[in-house]
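Examination of the molecular architecture
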Amino acid sequence: NAVSHNLIICNRGNLLNGNGFITGVSGSGKSMAAKQEMTALALSTDHDIIIVDPEREYGELVRALGGEVITISASDPNGCHINALDLSEGYGDGKEPLVMKSEFIMSLYEQLMGADKIEPQEKSIIDRSVGNIYREYLKNYQGKPPTLKNLYDDLMKQVNPEAHRIALALELFTVGSLNVFSHQTNINTKSRILCFDIQDLGENLKSVGLLVMLDAIYNRVIQNRREGKYTHVYIDEIYLLFQHEYSANFLFTLWKRMRKYQACGTGISQNIEDLLQSHTARTMLANSEFLIMLNQAATDREELARLLNISDNQLSYITNVDSGRGLIKCGSAIVPFVDSFPRHTRLYQMMTTRPSDLIS
């Protein structure tokens, strides 16, 4: 505590919901804060920890803790693959699984097209195709689930020109060079600590990769709930998912359901201004019981102050401060903190991303 100098201890599981965000400008200590929490969870609980890592920042720590790093690459046809259309029994919170899967595919299509919305006729076509390709699989969840290639083929069979337009948008990602998510899943890890490294996907596939990883994680969370396991999910560069309507809504739906599934989600982002332009993101931030706010840009400070009723005195703790300093919001309490992690330790060297530390 920056005022009392007492140690701050918080159990997110005791809050109304354990979901949270870690925010701050580049270099403020976001990944360091996330890694410290991951390490504490890994060493003091038997909970599962799953990380989506777009910038290859978490691999060394994950391996040191006995976890597994899965590298998804668009340039390696024989590498790790995750089927974007995987569907576990129980998917959709006990409701009709096709409804939620259809929403996911619309989110995926929106990311691929780069549009802000999907036309009504396209929604109907996608929904119809989803029903077609899952019909047999949903009878008993046996065999292999459909893939994006099956969706592409079904769309091409239709006579409607809009269906062919949707298929054309999918072509690059199904039969083209960026087809990394159109294969059957070829990884089967039960590692308690799991990191999805998607840096090699590049900018064209990064937002799509985040969405597919999120859906794959949701399938894992469902399985963990059946086995009585608690799951912590960390998503870096989460702002990418709020840039389109359907992907934002898909994330929001999963975020709400994580609590029911004995899971806790954490979004990590420096682009708070981008987040706050999304009504969905604003709602998620306002309703998150746990926030770590590190050094903020001026416009972000003003928005956060209005959203969370932060006083001027409290704002001084996230204004032009050194890395590792800021505010923690835990429930209704907002507390200033100083995090001076010992630098001459093996753990610090595995967690730091500061260029000067890496050079030395």
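Located above this text is the structure these notes cover.
Quick summary incoming for the structure in this document. (Residues numbered from 1 in each chain as written. Predicted model: local features only at pLDDT ≥ 70, side-chain atom pairs only at ≥ 80, totals over all residues. Heavy atoms only, no water.)

1. Some remarks on the packing of helix H3 (residues 97-113) against helix H8 (residues 245-258)
Remark: H3 packs on H8, axes separated minimally by 7 Å, with the N-to-C direction vectors making an angle of 140 degrees. It follows that H3 is oblique to H8 by the angle criterion. The handedness of the crossing between H3 and H8 comes out as left-handed. Residues Met-100, Glu-103, Phe-104, Met-106, Ser-107, Glu-110 and Gln-111 of H3 touch H8, and the partners they reach there are Glu-245, Tyr-246, Ser-247, Phe-250, Thr-253, Leu-254 and Arg-257. When its residues are assigned to classes, the contact of H3 with H8 shows six nonpolar, four polar and four charged. (Axes fitted to C-alpha atoms, helices over the stretch in contact; angles between N-to-C directions. Helix = DSSP H or I, 4+ residues; strand = E, 2+ residues; numbered from the N terminus. Parallel < 35°, antiparallel > 145°, perpendicular 65-115°, else oblique. Left-handed = near helix turned anticlockwise from the far one by under 90°. Contact = heavy atoms within 4.5 Å. Nonpolar A, V, L, I, M, F, W, Y, C, P; charged D, E, K, R; others polar.)

2. Points about the environment of Ser-278
Within the fold, Ser-278 resides in the loop between helix H9 (272-276) and helix H10 (279-287). In this structure the side chain of Ser-278 is engaged in a polar contact, spanning 3.3 Å, whose partner is the backbone nitrogen of Thr-280. (Polar contact = N/O pair within 3.5 Å; in protein donor to acceptor, adjacent residues only side chain to side chain.)

3. Concerning the state of the cysteines
For the structure on display, the rule yields zero disulfides. We note that Cys-195 lacks a disulfide partner, and the nearest cysteine sulfur, in Cys-80, lies 12 Å from it. For Cys-195, a relative accessible area of 0% corresponds to the buried category. (Disulfide = S-S within 2.5 Å. Buried < 20%, exposed > 50% of the residue type's maximum accessible area, 1.4 Å probe, protein only.)

4. Things to note about the packing of aromatic side chains
Inspection of the entire model under this criterion finds five aromatic pairs. Ring centres of Phe-21 and Trp-255 lie 5.9 Å apart, and the angle between their planes is 35 degrees; this geometry places the pair in the tilted category. In this pair, Phe-21 sits in strand S1 (residues 20-23) while Trp-255 sits in helix H8, placing the two residues 234 residues apart along the sequence. As far as the burial class goes, Phe-21 and Trp-255 line up, both buried. With centroids separated by 5.8 Å and ring planes inclined at 70 degrees, the aromatic side chains of Tyr-218 and Tyr-261 adopt a geometry described as edge-to-face. Remark: Tyr-261 occurs in the loop between H8 and strand S6 (263-269) and Tyr-218 occurs in helix H7 (residues 202-226); sequence separation between them is 43 residues. In this structure Tyr-218 comes out as buried when scored by relative accessible area, which is 3%. Residue Tyr-261 is classed as buried on the basis of its relative accessible area, which comes to 3%. (Phe/Tyr/Trp six-rings, centres within 6.5 Å; stacked < 30°, edge-to-face > 60°.)

5. Observations regarding the pattern of salt bridges
All chains considered together, the criterion is met by 12 salt bridges. Note that Arg-165 and Glu-122 form a salt bridge whose closest N and O atoms lie 2.2 Å from each other. Taken together, the positions of Arg-165 in helix H6 (residues 161-174) and Glu-122 in helix H4 (residues 120-134) put the pair 43 residues apart, joining distant regions of the chain. A relative accessible area of 41% means that Arg-165 is categorised as partly exposed. Judged by relative accessible area, Glu-122 falls into the buried class, the value being 3%. The partner of Glu-303 in a salt bridge is Arg-282, with the nearest N and O atoms 3.3 Å apart. Taken together, the residues span a long stretch of sequence, with Glu-303 in helix H11 (residues 298-308) and Arg-282 in helix H10 at a distance of 21 residues. Overall, the relative accessible area of 23% leaves Glu-303 in the partly exposed class. (Salt bridge = Lys/Arg side-chain N within 4 Å of Asp/Glu carboxyl O.)

6. A closer look at empty space enclosed by the protein
Scanning the entire structure with this criterion turns up three cavities of 30 Å³ or more. If you add up the space inside the largest cavity, you get close to 50 Å³. Looking at the largest cavity, the residues that line it are Ala-84, Leu-108, Leu-112, Leu-148, Phe-173, Leu-178, Phe-181, Leu-205, Val-208 and Val-212. The leading source of residues in the lining of the largest cavity is H7, at three residues. For the lining of the largest cavity, the per-class residue count stands at 10 nonpolar, no polar and no charged. Here the second largest cavity is characterised by a volume of approximately 40 Å³. Contributing to the lining of the second largest cavity are Asp-48, Lys-190, Arg-220, Gln-223, Asn-224, Glu-227 and Lys-229. With three residues, the single largest contributor to the lining of the second largest cavity is H7. Tallied by class, residues from the lining of the second largest cavity come to no nonpolar, two polar and five charged. (1 Å grid on protein atoms, 1.4 Å probe; cavity = no way out; pocket = protein on both sides within 12 Å on 5 of 7 lines; lining within 4 Å. Points joined across faces, edges and corners; volume = space filled by probe spheres on them.)

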